[in-house]
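Next come the chains, spelled out residue by residue.
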Amino acid sequence: MLKIQNAVTIDGSRMNLTIESTKDFTLDAQNLTIFPGLIDPHVHFRTPGLEHKENWLTAAKAALAGGYTTVFDMPNTLPPTITETSLKEKKALIEAQLAEVGIPLRYELFFGADKKHLSEIHKVKHDVIGIKVFMGCSTGNLVIDDDESLHAVFAIAASQNLIVAVHAEDEALIIERKKQFSDAKHYCDHSKIRNPEVAARAVAKAIALCRIYETKLYILHVSTADEIALIAKAKEEGLPVYAETTPHHLFLDDSAYDNLQGKAVVNPPLRAEEHRKALWNAIKNNVIDTIGSDHAPHTNTEKSQAYGACPSGMPGIETTLPLLLTAHHEGLITLEKIVSLTQKRPREIFGLPENNDVVLVDLNKTRFVDNATLKTKCGWSVFAGQELRGWPLYVIMNGVLYDLATI
Ligand code: DOR
Ligand code: ZN
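Now for a look at the structure at hand. No experiment lies behind these values; they were computed from the predicted model shown.

## So, the packing of helix H7 (residues 196–213) against helix H8 (residues 225–236)
Stage number 1. Put simply, H7 and H8 touch, their axes get as near as 8 Å, and they point 15° apart. The angle between the axes of H7 and H8 places the two elements in the roughly parallel class. Between H7 and H8 lies a crossing of right-handed hand. Residue-level inspection shows Pro196, Ala199, Ala200, Val203, Ala204 and Ile207 of H7 in contact with H8, the latter providing Asp226, Glu227, Leu230, Ile231 and Ala234.
Stage number 2. A class-by-class count of the residues in the contact of H7 with H8 yields 9 nonpolar, no polar and 2 charged.

Here it is in structure tokens:
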């Protein structure tokens, strides 16, 4: 039995907790606040094929270090996860890596929608958490940029009762704007090319498809006030539309390029301050349901390349919770809301069963984000050097206690 004594609950009361375990251990949790094991509905752990950036040996540790015991992994790997065979092979590799590192992280896989492989969806419907649709190109070659295929995906997903998760950036508009900005050479041009209209146009299209087919729609990494307005309306209409935002869109804006250079390049891009404020408002108003880290590591070398060659994406799973807890101390968000965004709503929306995983957090521990101690294989964070207040110290997953200082 694991006995957690005197832990603080998020509403400030005290509790003792006993968790079934093969080991006996008693932890005095006087100064620790107890959270449920967090769920990250959006990660790119890079297996197979991109394992110079990340793999599940390093990512499993990064997840625990961030307080996460469940992750949903994206299909833009090499090869992409777009067939039953590639899904099975990916699962086998993940299982082997998790066994090797001795961390049985809970995970689910998104299946990639690909025009040439739509019939594969029927074969995998019981084995995936949802269908991922890239409406605009990002890392990898996955994209559904024609209306006929988009309609087909939404129709199939509805018939199989699968949720569609969209990367909502309009490919046609991206291509048009790339031509307009053909001499772009600064990283900050990224935010101009993939402007708010690029996102809003795709979100409007996805919502229209959700209305036609009654498909459950999960809108990934919402980053603009424009998208929020559309999503709020869809929710008022009673459509099954759910929205995610990311830590980088909540905590950074497009002034970050000056310091971060290529490391600030991400899809969708960082936005002007007014959009960041709109995201915080949308969290308050329950228009945003979840936070996904969109943990998308690339190597230092890759991110140092010039604009155009520099890949989009940044790691995030280790810093999401400390960033949110620091925002809590600043009066921006309640602990209940943090739990709602990072555990309760993902579980409800995707229909995950309950588990008894917990994270024990020292709400008052301050620590600088330090590239040298990160678990992610890429070894950097856009938040490096920032002092954050509120860090997870222990995770109990499936009855096993992990001391995060020693994983
Ligand atoms: O910035 C991004 N990076 N956006 C995506 O859609 C993909 C991700 C990645 O896989 O690197
Ligand atoms: Zn992503």
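## Focus: the sheet that holds strand S9 (residues 164–167)
Stage number 1. As summarised here, the arrangement of the 8 strands in space is S5-S6-S7-S8-S9-S10-S11-S12, forming an open sheet in which the pairing is parallel. Of all the strands in the sheet, just strand S5 (38–43) and strand S12 (290–291) have a single pairing partner and so form its edges.
Stage number 2. Two strands pair when backbone bridges link them, and strand S10 (residues 217–219) and strand S11 (residues 241–245) are joined in this way by 3 bridges, in the parallel orientation. By the bridge assignment, Leu217 is partnered in S11 with Val241.
Stage number 3. Contacts from H7 reach S9, S10 and S11 within the one sheet, and its direction differs from that of S10 by about 165°.

## Remarks on the side chain of Lys53
Stage number 1. Along the chain, Lys53 falls in the loop between S5 and helix H1 (56–65).
Stage number 2. Engagement of the side chain of Lys53 in a polar contact is seen with the side chain of His298, the distance being 2.8 Å.
Stage number 3. In contact with Lys53, not counting residues within four places along its chain, are Arg46, Pro297, His298, Glu302, Lys377 and Cys378.

## Regarding the site of ligand 1
Stage number 1. Around ligand 1, a shell composed of 13 residues is seen, among which Arg46, Asn76, Ser138, Thr139 and Asn267 lie nearest.
Stage number 2. Measuring from an oxygen atom of ligand 1, one finds a side-chain N or O atom of His298 at 3.0 Å.
Stage number 3. In the model, an oxygen atom of ligand 1 is placed 3.2 Å from a nitrogen or oxygen of the Gly313 main chain.
Stage number 4. Burial of ligand 1 by the surrounding chains reaches 100%, relative to a free accessible area of 290 Å².
Stage number 5. The cavity that encloses ligand 1 is the largest cavity.
Stage number 6. Tallied by class, the residues present in the shell around ligand 1 amount to 3 nonpolar, 9 polar and 1 charged.

## Quick word on the environment of Asp73
Stage number 1. Here Asp73 shows up in strand S6 (residues 68–73).
Stage number 2. Using a relative accessible area of 0% as the deciding quantity, one classes Asp73 as buried.
Stage number 3. Separated by 36 residues in the primary sequence, Asp73 and Leu109 place their C-alpha atoms 5.0 Å from one another.
Stage number 4. If sequence neighbours within four positions are ignored, Asp73 has contacts with Val43, His44, Phe45, Arg46, Thr47, Trp56, Lys90, Glu108, Leu109 and Phe110.
Stage number 5. At a separation of 2.7 Å, a polar atom in the side chain of Asp73 contacts the main-chain amide nitrogen of Phe45.

## Some details on the layout of surface pockets
Stage number 1. Size it by volume and the largest pocket reaches roughly 420 Å³.
Stage number 2. In this structure, the second largest pocket encloses a volume near 320 Å³.
Stage number 3. Lining the second largest pocket are 18 residues, with Ala65, Arg367, Thr373, Lys375 and Leu404 sitting closest to its centre.
Stage number 4. Looking at the lining of the second largest pocket, the elements with two or more residues in it are strand S13 (358–368) and strand S14 (387–397).
Stage number 5. With 4 residues, the single largest contributor to the lining of the second largest pocket is S14.
Stage number 6. Among the residues making up the lining of the second largest pocket, the classes are represented as 10 nonpolar, 2 polar and 6 charged.

Calculation notes
- Residues numbered from 1 in each chain as written.
- Chains lettered and ligands numbered in written order.
- Predicted model: local features only at pLDDT ≥ 70, side-chain atom pairs only at ≥ 80, totals over all residues.
- Heavy atoms only, no water.
- Axes fitted to C-alpha atoms, helices over the stretch in contact; angles between N-to-C directions.
- Helix = DSSP H or I, 4+ residues; strand = E, 2+ residues; numbered from the N terminus.
- Parallel < 35°, antiparallel > 145°, perpendicular 65-115°, else oblique.
- Left-handed = near helix turned anticlockwise from the far one by under 90°.
- Contact = heavy atoms within 4.5 Å.
- Nonpolar A, V, L, I, M, F, W, Y, C, P; charged D, E, K, R; others polar.
- Pairing = 2+ DSSP bridges.
- Polar contact = N/O pair within 3.5 Å; in protein donor to acceptor, adjacent residues only side chain to side chain.
- Near = heavy atom within 4 Å.
- Areas by Shrake-Rupley, 256 points an atom, 1.4 Å probe, with all protein chains shown as cover.
- 1 Å grid on protein atoms, 1.4 Å probe; cavity = no way out; pocket = protein on both sides within 12 Å on 5 of 7 lines; lining within 4 Å.
- Sits in = over half its atoms within 2 Å of the grid points.
- Buried < 20%, exposed > 50% of the residue type's maximum accessible area, 1.4 Å probe, protein only.
- Points joined across faces, edges and corners; volume = space filled by probe spheres on them.

Function cannot be inferred from these measures alone, as they are strictly geometric.
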